[in-house]
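If you want the building blocks of each chain, they are given just below.
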Amino acid sequence: MDATELAELGRQAELAGLNATSPPQESRIEGWLIRLSPGQAKRARCINALEPGSLPVDDLLSRCARSFHAAGLPLVVRITPFTQPPELDALLAAKGWPSYD
């Protein structure tokens, strides 16, 4: 199995994990999966940036922030090797967003 096939297998495993834990408070904004569950599991109350979307990252974050604010939850972006756009982690760091876990 080559590196491309391994990466695709990893992406499929990530998506399967996300689909297995689908909370009812879930929606998509431009390819970003947002979950607004009030529970403790971070995966159920964060953004999973699965696709790059057609809007600038700042616009996507602003739209997501409104949803999280309305739900009374902190805005958390989950970064994985499959995050889109791939430079999202660096963009958030440049804006001063803290990283944890």
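Above this note sits the structure.
Quick caveat: nothing in here was measured; it's all calculated off a predicted structure. (Residues numbered from 1 in each chain as written. Predicted model: local features only at pLDDT ≥ 70, side-chain atom pairs only at ≥ 80, totals over all residues. Heavy atoms only, no water.)

Participant: Sorry if this is basic, but what is going on with the environment of leucine 33 here?
Facilitator: Here leucine 33 is to be found in strand S2 (residues 32-35). Judged by its relative accessible area of 3%, leucine 33 is buried. (Helix = DSSP H or I, 4+ residues; strand = E, 2+ residues; numbered from the N terminus. Buried < 20%, exposed > 50% of the residue type's maximum accessible area, 1.4 Å probe, protein only.)

Participant: Help me understand the pattern of salt bridges in this model?
Facilitator: Once the charged atoms of two side chains with opposite charge are near each other, the side chains can pair. Tallied over the entire structure, the rule returns 1 salt bridge. A salt bridge links aspartate 58 to lysine 95, with the shortest nitrogen-to-oxygen separation between them at 2.5 Å. Taken as a pair, aspartate 58 in helix H2 (residues 57-71) and lysine 95 in the segment after helix H3 (88-94) lie far apart in primary sequence, 37 residues in all. With relative accessibility at 45%, the residue aspartate 58 sits in the partly exposed group. (Salt bridge = Lys/Arg side-chain N within 4 Å of Asp/Glu carboxyl O.)

Participant: What is the right way to read unusual backbone geometry from this model?
Facilitator: Leaving glycine aside, a negative phi is the common case for residues, and trans is the common case for peptide bonds. The residue after glutamine 84, namely proline 85, is reached through a cis peptide bond having omega -5°. Along the chain, the position of proline 85 falls in the loop between strand S4 (77-78) and H3.

Participant: Would you take a moment to explain a nonpolar patch on the surface for this structure?
Facilitator: A cluster of nonpolar side chains, Met1, Leu6 and Leu9, forms an exposed patch at the surface whose accessible area comes to about 340 Å². Along the chain, the position of methionine 1 falls in the segment before helix H1 (3-20). (Patch = residues over 30% accessible without salt bridge, like charges linked within 9 Å, V, L, I, M, F, W, Y side chains within 5 Å. Areas by Shrake-Rupley, 256 points an atom, 1.4 Å probe, with all protein chains shown as cover.)

Participant: Quick question: what am I supposed to make of the sheet that holds strand S1 (residues 26-29) here?
Facilitator: In any sheet, the strands associate via hydrogen bonds between backbone groups, in a parallel or an antiparallel arrangement. Pairing is mixed across the open sheet formed by 4 strands, whose spatial order is S1-S2-S3-S4. Pairing within the sheet leaves two strands with one partner each, and these edge strands are S1 and S4. Here strand S3 (residues 47-49) pairs with S4 via 2 bridges, running parallel. The residue bridging isoleucine 47 from the neighbouring strand is valine 77, located in S4. Each of S1, S2, S3 and S4 touches H2; the most contacted strand, S2, lies at about 20° to it. (Pairing = 2+ DSSP bridges. Contact = heavy atoms within 4.5 Å. Axes fitted to C-alpha atoms, helices over the stretch in contact; angles between N-to-C directions.)

Participant: Teacher, can you tell me more about the pairing of S1 here?
Facilitator: A regular strand places its side chains on the two faces of the sheet in alternate fashion. Examined bridge by bridge, S1 and S2 share 4 bridges and lie antiparallel to one another. Across the sheet, residue glutamate 26 finds its bridge partner in S2, namely arginine 35. Joining the antiparallel neighbours S1 and S2 is a turn of 2 residues, in which glutamate 30 adopts a positive phi near 55°.

Spatial relationships are all this shows, so hold off on functional conclusions.
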